[in-house]
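Spelled out, the chains give:
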Amino acid sequence: MSYARTALLMAAMTALFLVFGLMLGGQSGVIIAFVIAAGMNMFAYWNADKMVLSMHGARHVSERDAPELYGIVRRLARRADLPMPKVYIIDNNQPNAFATGRNPENAAVAATTGLLRTLSHDEVSGVMAHELAHVKNRDTLIMTITATIAGAISMLANFALFFGGNRNNPLGIIGTILMMILAPMAAMLVQMAISRTREFAADKEGAAISGQPLALASALARLHQGAAININESAERSPATAHLFIVNPLKGGSIDSLFSTHPRMEDRISRLEAMAATGNYAPVSRTKTRRSATTSVPTSDPREKESSGKGPRGPWG
């Protein structure tokens, strides 16, 4: 996702703040909302990744702590010509994962213990490649900012009754009621607008990075089933972060409705299967100084021959 689209989304979220501020407090509300939005945008740019990781209780791990997961991420980052991101594990039974960070140099990938227990080596590689695709496409910046500001918009709606009586409110109590209903809906619509397209793009790029679209398709199917039967309590407490995850972590997330933050799983899987059948995905580029040009990407490094295809090992063994 380009910087232009990032700026456009930030402007749209700021505009939402301005409109809600006008409804709540007239011109003074607009000024207050503008100051809050500007400060939040700046704060989110530098800190949203830390906030999201903290919300979900993610713990930073080193190569010694999680050697196989760390090795998978390092290998895939090299293929994608990305700096090595920080690696986190979330103690949560729901199989899921997400990436965050304002740019590739400050990125982090996180996987739940449920994911590490459930998926095979190749499936974990597919999921991590998907998350690195978000980093490579710079989706992580827009996702973290969206999660932070959408949560703030919902907070404004929750506090609408305290401010709705302001005499500067152009719609009075009607405006207050409308805000309480429309503010959360507007936040969900923004998340929906960016999530569906970014997930399809990350699936395609992730298949190119890992070289295994069918492994990613298999992982998505298993994650979808696992998320349906395991409640993610931290995501339920912070629903504004739901769109960060590779599959919807919220209860009832399998229903593809107007406000779903993720595409239909059947559509994602069918696209990956079509890519595998037709070879319609381009391998990622190689660093010229370290690798020669190639027309294909091997499925694993020589060092991983013993573990690849033998199921989960290491931190999820």
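Computed from a predicted structure; not experimentally measured.

1. Description of the overall build of the protein chain
Okay, step 1: For the protein chain, the helix and strand inventory stands at 10 helices and 4 strands.
Okay, step 2: Traced from its N-terminal end to its C-terminal end, the protein chain shows the element sequence α-β-α-β-β-β-α-α-α-α-α-α-α-α.
Okay, step 3: Counting all 317 residues of the protein chain, 52% fall into the buried class.
Okay, step 4: Within the protein chain, contacts between residues separated by at least 24 positions form 72% of all contacts whose residues are at least 6 apart in sequence.
Okay, step 5: Carbon together with sulfur atoms contributes 60% to the accessible area of the protein chain, which is approximately 14500 Å² in total.

2. A word on helix 8 (residues 213-229)
Okay, step 1: Here helix 8 contains 17 residues, and its C-alpha end-to-end distance of 25 Å stays within 8% of the 24 Å for a straight helix at 1.5 Å per residue.
Okay, step 2: Taken together, the buried positions of helix 8 are Pro-213, Ala-215, Leu-216, Ala-217, Ala-219, Leu-220, Leu-223, Gly-226 and Ala-227.

3. Focus on the packing of helix 8 against helix 10 (residues 265-278)
Okay, step 1: Relative to each other, helix 8 and helix 10 sit at 165°, their axes nearing to 8 Å. For the element pair helix 8 / helix 10, the angle class is roughly antiparallel. Relative to helix 10, the crossing made by helix 8 is left-handed. Between helix 8 and helix 10, the residues in contact are Pro-213, Leu-214, Leu-216, Ala-217, Leu-220, Ala-221 and His-224 and Met-265, Arg-268, Ile-269, Leu-272, Glu-273 and Ala-276, respectively.
Okay, step 2: Looking at the contact of helix 8 with helix 10 residue by residue, the classes come out as 10 nonpolar, 1 polar and 2 charged.

4. Some points on a nonpolar patch on the surface
Okay, step 1: Together, Ile-173, Ile-174, Ile-177, Leu-178, Met-180, Ile-181 and Leu-182 make up an exposed nonpolar region whose accessible area comes to about 630 Å².
Okay, step 2: Inspection of the secondary structure puts Ile-181 in helix 7 (residues 172-210).

5. A word on the pairing of strand 3 (residues 97-100)
Okay, step 1: Side chains of strand 3 alternate between two faces, with Ala-97 and Ala-99 and Phe-98 and Thr-100 buried alike.
Okay, step 2: As paired strands, strand 3 and strand 4 (residues 108-112) are joined by 4 bridges and run antiparallel to one another. Residue pairing for strand 4: Ala-99 is matched across the bridge by Val-109.

6. A closer look at helix 10
Okay, step 1: If you check helix 10, its first and last C-alpha atoms are 20 Å apart, about what 14 residues at 1.5 Å a residue would give, namely 20 Å.
Okay, step 2: What helix 10 keeps buried is the set Met-265, Arg-268, Ile-269, Leu-272 and Met-275. Projected down its long axis, helix 10 carries its buried residues within an arc of 120°, all on one side. Exposed side of helix 10, more than 90 degrees from the buried face: Ala-277 and Thr-278 are the residues found there.
Okay, step 3: Two residues or fewer past helix 10, Gly-279 is found with a positive phi of approximately 70°.

7. Focus on the sheet that holds strand 2 (residues 86-90)
Okay, step 1: Read across the sheet, 4 strands follow the order 1-2-4-3 without closing on themselves; strand pairing throughout is mixed. Both outer strands of the open sheet, strand 1 (58-61) and strand 3, are each paired with one neighbouring strand and no more. Geometrically, the sheet is characterised by an average inter-axis angle of 30° between neighbouring strands, direction not taken into account.
Okay, step 2: Of the pairings in the sheet, the one linking strand 2 to strand 4 comprises 5 bridges and is parallel in character. Across the sheet, the residue bridging to Ile-89 is Ala-111, located in strand 4.
Okay, step 3: Each of strand 1, strand 2 and strand 4 is contacted by helix 2 (residues 67-79), which is oriented at about 140° to strand 2, the strand it contacts most.
Okay, step 4: Across the sheet, helix 4 (residues 121-136) is in contact with strand 3 and strand 4; its angle to strand 3 comes to roughly 25°.

Parameters at a glance
- Residues numbered from 1 in each chain as written.
- Predicted model: local features only at pLDDT ≥ 70, side-chain atom pairs only at ≥ 80, totals over all residues.
- Heavy atoms only, no water.
- Helix = DSSP H or I, 4+ residues; strand = E, 2+ residues; numbered from the N terminus.
- Buried < 20%, exposed > 50% of the residue type's maximum accessible area, 1.4 Å probe, protein only.
- Contact = heavy atoms within 4.5 Å.
- Areas by Shrake-Rupley, 256 points an atom, 1.4 Å probe, with all protein chains shown as cover.
- Expected span 1.5 Å × (residues − 1).
- Axes fitted to C-alpha atoms, helices over the stretch in contact; angles between N-to-C directions.
- Parallel < 35°, antiparallel > 145°, perpendicular 65-115°, else oblique.
- Left-handed = near helix turned anticlockwise from the far one by under 90°.
- Nonpolar A, V, L, I, M, F, W, Y, C, P; charged D, E, K, R; others polar.
- Patch = residues over 30% accessible without salt bridge, like charges linked within 9 Å, V, L, I, M, F, W, Y side chains within 5 Å.
- Salt bridge = Lys/Arg side-chain N within 4 Å of Asp/Glu carboxyl O.
- Pairing = 2+ DSSP bridges.
- Arc of directions from axis to C-beta.

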